[in-house]
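# What the coordinates show
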There are 2 protein chains.
Amino acid sequence: MAPNPGSKVFNQIAIIGVGLIGGSIARGALEKGIAGEVVLFDGNAEALKRAGEIGFGRPAGSLAEAVANADAVFMCVPVGAIGVVSGASVVAMKAGAILTDVGSVKGNVARDFRALGRTDIHVIPGHPIAGTEKSGPDAGFASLFENRWCILTPEARDDADYVAATDRLAAFWTGLGSKVERMDAARHDLVLAVTSHIPHLIAYNMVATAYDMEAVTEGEVVKFSAAGFRDFTRIAASDPTMWRDVFLNNKEAVLEVLGRFEEDLTALRKAIRNADGQKLFDTFTESRRIRREIIDAGQDTASANFGRDKPKP
Amino acid sequence: MAPNPGSKVFNQIAIIGVGLIGGSIARGALEKGIAGEVVLFDGNAEALKRAGEIGFGRPAGSLAEAVANADAVFMCVPVGAIGVVSGASVVAMKAGAILTDVGSVKGNVARDFRALGRTDIHVIPGHPIAGTEKSGPDAGFASLFENRWCILTPEARDDADYVAATDRLAAFWTGLGSKVERMDAARHDLVLAVTSHIPHLIAYNMVATAYDMEAVTEGEVVKFSAAGFRDFTRIAASDPTMWRDVFLNNKEAVLEVLGRFEEDLTALRKAIRNADGQKLFDTFTESRRIRREIIDAGQDTASANFGRDKPKP
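Given the structure is predicted, the values throughout are model-derived calculations rather than measurements. Numbers given to residues run from 1 along each chain, matching the order in which its sequence is written. Written order decides the labels, with chains lettered from A and ligands numbered from 1. The model is predicted, so local features are restricted to residues of pLDDT at least 70 and side-chain atom pairs to those at 80 or more, both for listing and for counting; the totals for chains, interfaces and linings are taken over all residues. Where side-chain values are given, they derive from all heavy atoms of the structure, hydrogens and water being excluded.

### A few points about the side chain of Gln299(A)
Our working rule: A helix here means a DSSP run of H or I that spans at least four residues, while a strand means a run of E at least two residues long, and both kinds are numbered starting from the N terminus. Burial classes: relative accessible area under 20% of the type maximum marks a residue as buried, over 50% as exposed, and values in between as partly exposed (1.4 Å probe, protein chains only). Should any heavy atoms of two residues lie within 4.5 Å, those residues are counted as being in contact.
With respect to the helices, strands and loops of the structure, Gln299(A) is situated in the segment after α12 (277–296). In this structure Gln299(A) comes out as buried when scored by relative accessible area, which is 2%. Beyond its immediate stretch of four places on either side in the chain, Gln299(A) contacts Arg148(A), Trp149(A), Lys179(A), Ile294(A), Val222(B), Lys223(B), Ser225(B), Ala226(B) and Arg230(B).

Here it is in C-alpha cells:
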C-alpha cells in the first residue's frame, strides 16, 4: 500500500546532479518532510558546494558515499549521462533501494538501468513534467512540481516488492505536489516528442534562423521581439546539454513527429503561395480550440500573454 | 514641432474596428486625455454596442458619421479589410485629417492608401507592436501599448503639413505610452516576418501537427502540454482572420523567411539523424545569448516561465 502523501516516505534520498530539477526535488523533499535526509552529489564541485549553501541537503564527498545509505537515488543528470553515472552508483547502493531518474526520454533509461545487473535494487524510471528555462542549483525551488504531472515508466513486473517500491516512489512525487501517471516508456517518448521535444527543436531553430537574419535586419529582431518571437527565445534558453541528449536519445520518435510537422508546414506554405485564405483560416481556427482545452485542463493560465504584462484592471 | 506627450493631441479621433487594438487605443486615448472625443464604428453591431457599454467612446450610426469630424481616423480592422473600409471612409473625411491603421503588414496599406485619391488627407500607416492572444472589445485595455514599440511607415514626403501630421500621430502614440520608430514599409514587413509572422505560422503549424497526432496519443498532448507545447498554443490562439490576412498580404517576405527556417530545420534534422551532438549543442548554446539580449533590451520578463507559475520565494 502506498504511504500517505505528506508523511515521510524515505528515510534518506540521494540527489545526483543538483541543477534545476535535482535542486527542486531536494528542497521540496525537505520542506514537505517526505524525506528524512537528503544527500547530494554533483560532478561539478562548485555546483555541489552551492547546493549545500542554499540548503538543499548534505553534500557528499563522493558518489559512492552519496548513494550508500539512500532508500532512493534520483539521477538528475542529462539523459546522456544517466547510464554511466548509474553504473558508477549501483555498485555502492544497498539492496532494496530504488534507482530512478528525471530525464525527458525514458526508452534508453529503462534499457540502461536493466543492463546494470543489480537485480536486488528497484529500477523505476521517472519524468516530472515541470521545469523552467533556467538551469543550475540557484534555479531550483520547492513548488516546481505542484500540480504538474510526473510520469513513471516502471518495468512490466508484478512481484510484490517491485510494486510496493513503485507505489512508494509515486507517493514521494505526490508528496511533492505532483499528479502521478504510469505509462509505457515508448509511449512516453512519443507523447513527449509531440508536447516537448519538437516544440523545443522548432523554437531553437526559429531563434537560429532569426539570428542569421540579424545581418539583414540590423538588430531589429531583438528590438521588436515582443511581436511573438520572444516566446520562442524563452524555450530556446533551456539547457543545451540536456536538450542535445534528448534529441540524441529519442531519435526515432523525434524524427517521426518532425516529419509530420514538415508535411503540415509544406501544406501551409503552399496555401500562402496560392493565396488559399480558406485553408489558412481553417487551420488557425482549429488551433484556438486546443488552447481552450489546455486552459480547461489546468495546464496553463488563461491570462493574456501569460499575465506577464500585468495589465491594469 | 510635436505636441507634448500627455496633453491633448487630437480633438476627435475615430476608431474603426473595436477589437483588442481599437478598443485599447480608444480607452487609452480617453484615460490619458490625448483625445478630446473618441467616436467608434464597427461593422459588427453587437461589438459596437459592447464597446459603447465598456466606455470606449461614442458609437456612431455609420462609418461616414464616425469619420466626418475626426482629426485622425484609426483603421483597426484586419489587414485584408483595410483597403475597402478606408475607401468607404475617405469620402467622408475632412481635409487635413490623418488616415492611419494598426495592421501587421505595411506594404499593402501604403499602396492602398495612396490609391484612394484624396491628396488633402494625410495617410500615415502605423503598427503598434503590442497585443495578446485575446480578441474582441472586452480584450482591450488602456495600458496595452506602454513601453511597446509603435512603428510608423510614413510616405517619403517632406512637405511641412505632412511632416507635422506625422509628428502629431507620433505624439499620440507616445501619449499612449509607446516608443515610436519610423521605418520604410518594406523593411517593416521583412523584420516583422522574422519576429512575428513566421513564429505565428510555426506555432499554428505545431498545434495542427499535434492535433493530428491526438488520434495516436489519445488526449495526452493536452494533458502533458506544460512540457513546452502550451506556449505554442497561446500564440496559436490569436485571431484567425487577422492572421490569414497577414500571410496573404506579406507573402514575399514570409516565404523568404520560411525558406530560411526550413533550410535550418533540415540541417538540425540531419544532425539528429547522424547523432551530431556538437552541431545540436552549438545551435542550442547560441540561442541562450539572444534570449539574454531580449531581456536586456526590456522586451520580456526575466522571470522563469514568464512568471506564470508564481514560485514561492
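### Comments concerning the packing of α12(A) against helix α10 (residues 240–249) of chain B
Applicable threshold: Here an angle of 0 to 180 degrees is reported between the N-to-C directions of two axes, which are lines fitted to C-alpha atoms, with helices fitted over the stretch in contact. When describing relative orientation, an angle under 35 degrees is termed roughly parallel and one over 145 degrees roughly antiparallel, while 65 to 115 degrees is termed roughly perpendicular and anything else oblique. Each crossing is labelled by how the near helix is turned from the far one, with a counterclockwise turn of less than a right angle marking it left-handed and a clockwise turn marking it right-handed. Polarity classes work like this: nonpolar for Ala, Val, Leu, Ile, Met, Phe, Trp, Tyr, Cys and Pro, charged for Asp, Glu, Lys and Arg, and polar for all others, with Gly in that last group.
Running from N to C, α12(A) and α10(B) cross one another at 140°; their axes reach a closest spacing of 9 Å. Compared by their axis directions, α12(A) and α10(B) come out oblique. You can see that α12(A) and α10(B) cross each other, and the crossing is right-handed. Along the contact surface, α12(A) presents Gly277(A), Leu280(A), Phe281(A), Phe284(A), Thr285(A) and Arg288(A), while α10(B) presents Pro240(B), Thr241(B), Trp243(B), Arg244(B), Phe247(B) and Leu248(B). Here the residues of the contact of α12(A) with α10(B) are counted per class, giving seven nonpolar, three polar and two charged.

### Considerations on the interface of chain B and chain A
Quick reminder of the rule: When two parts are put together, the accessible area they lose, computed with a 1.4 Å probe and summed over both, is reported as buried area. By definition here, a salt bridge exists when the distance from a side-chain nitrogen of Lys or Arg to a carboxyl oxygen of Asp or Glu is within 4 Å.
With 110 residues of chain B at the contact, the number on the chain A side is 110 residues. Across the chain B to chain A interface the summed buried area is about 10,600 Å²; carbon plus sulfur atoms make up 67%. Across the contact surface, chain B and chain A share 10 salt bridges. Between Arg234(B) and Asp231(A) there is a salt bridge, with its nearest N and O atoms 2.8 Å apart. Mapped onto the side of chain B that touches chain A, the elements with two or more residues apiece are β8 (149–152), α7 (185–217), α8 (220–223), α9 (229–235), α10, α11 (251–273) and α12 (277–296) of chain B. Among the elements that take part in the side of chain B that touches chain A, α7(B) stands out by supplying 25 residues, more than any other. When its residues are assigned to classes, the side of chain B that touches chain A shows 55 nonpolar, 23 polar and 32 charged.

### Things to note about the relation of the copies chain B and chain A
Selection rule: The copies are overlaid by a least-squares fit using only the C-alpha atoms of residues whose pLDDT is at least 70 in both copies.
Superposing chain B onto chain A takes a rotation of 180° plus a shift of 0.0 Å along the axis, which leaves an RMSD of 0.0 Å. Read as a symmetry element, the transformation amounts to a two-fold axis. Comparing interface residues between copies, 100% of those in chain B also sit at the interface in chain A, which points to an isologous, same-surface contact.

### Focus: the side chain of Asp71(B)
Residues and elements named next belong to chain B. Cut-off, in case you're wondering: In protein, a polar contact requires one atom able to donate a hydrogen and another able to accept it; more generally it is a pair of N or O atoms within 3.5 Å, and residues adjacent in sequence count only if both atoms are side-chain atoms.
If you trace the backbone, Asp-71 turns up in the loop between α3 (63–67) and β4 (72–75). Only 2.9 Å separates the side chain of Asp-71 from the side chain of Lys-94, close enough to count as a polar contact. With residues up to four places along the chain from it excluded, the contact list for Asp-71 reads Phe-10, Asn-11, Gln-12, Lys-94, Ala-97 and Ile-98.

### Focus: the domain arrangement of chain A
Residue and element names in this part refer to chain A. Put simply, the rule reads: Domain ranges listed in this record stem from an automatic or a database domain assignment.
One can read the domain layout of chain A as domain 1 (10–183) and domain 2 (187–299). Put simply, the middle of domain 1 and the middle of domain 2, counted by C-alpha atoms, are 30 Å apart. Facing the 19 residues of domain 1 at the interface are 17 residues of domain 2. Summed over both sides, the interface of domain 1 with domain 2 buries roughly 1,400 Å², with 56% coming from carbon and sulfur. The largest per-residue losses of area from domain 1 upon contact with domain 2 belong to Ser-104, Val-105 and Glu-133, which jointly make up 34% of the total buried on that side. Applying the counting criterion to the domain 1 and domain 2 interface returns one salt bridge.

### Some thoughts on the pairing of strand β1 (residues 10–16) of chain A
All names here are of chain A. Rules: A strand pair is defined by DSSP finding two or more bridges across the two strands. Place the viewer so that the strands point away; then a crossover is right-handed whenever the path from the first strand over the helix to the second strand goes clockwise.
Of all seven residues in β1, six are buried; the element is thus mostly enclosed. In terms of strand pairing, β1 meets strand β2 (residues 35–41) through six bridges, oriented parallel. In the sheet register, Ile-15 faces β2, and the bridge partner there is Leu-40. Handedness of the β-α-β unit built from β1, helix α1 (residues 20–31) and β2 comes out right-handed. Two elements, β1 and strand β4 (residues 72–75), share four bridges in a ladder whose sense is parallel. Its bridge partner being in β4, Ile-15 is matched across the sheet by Phe-74.

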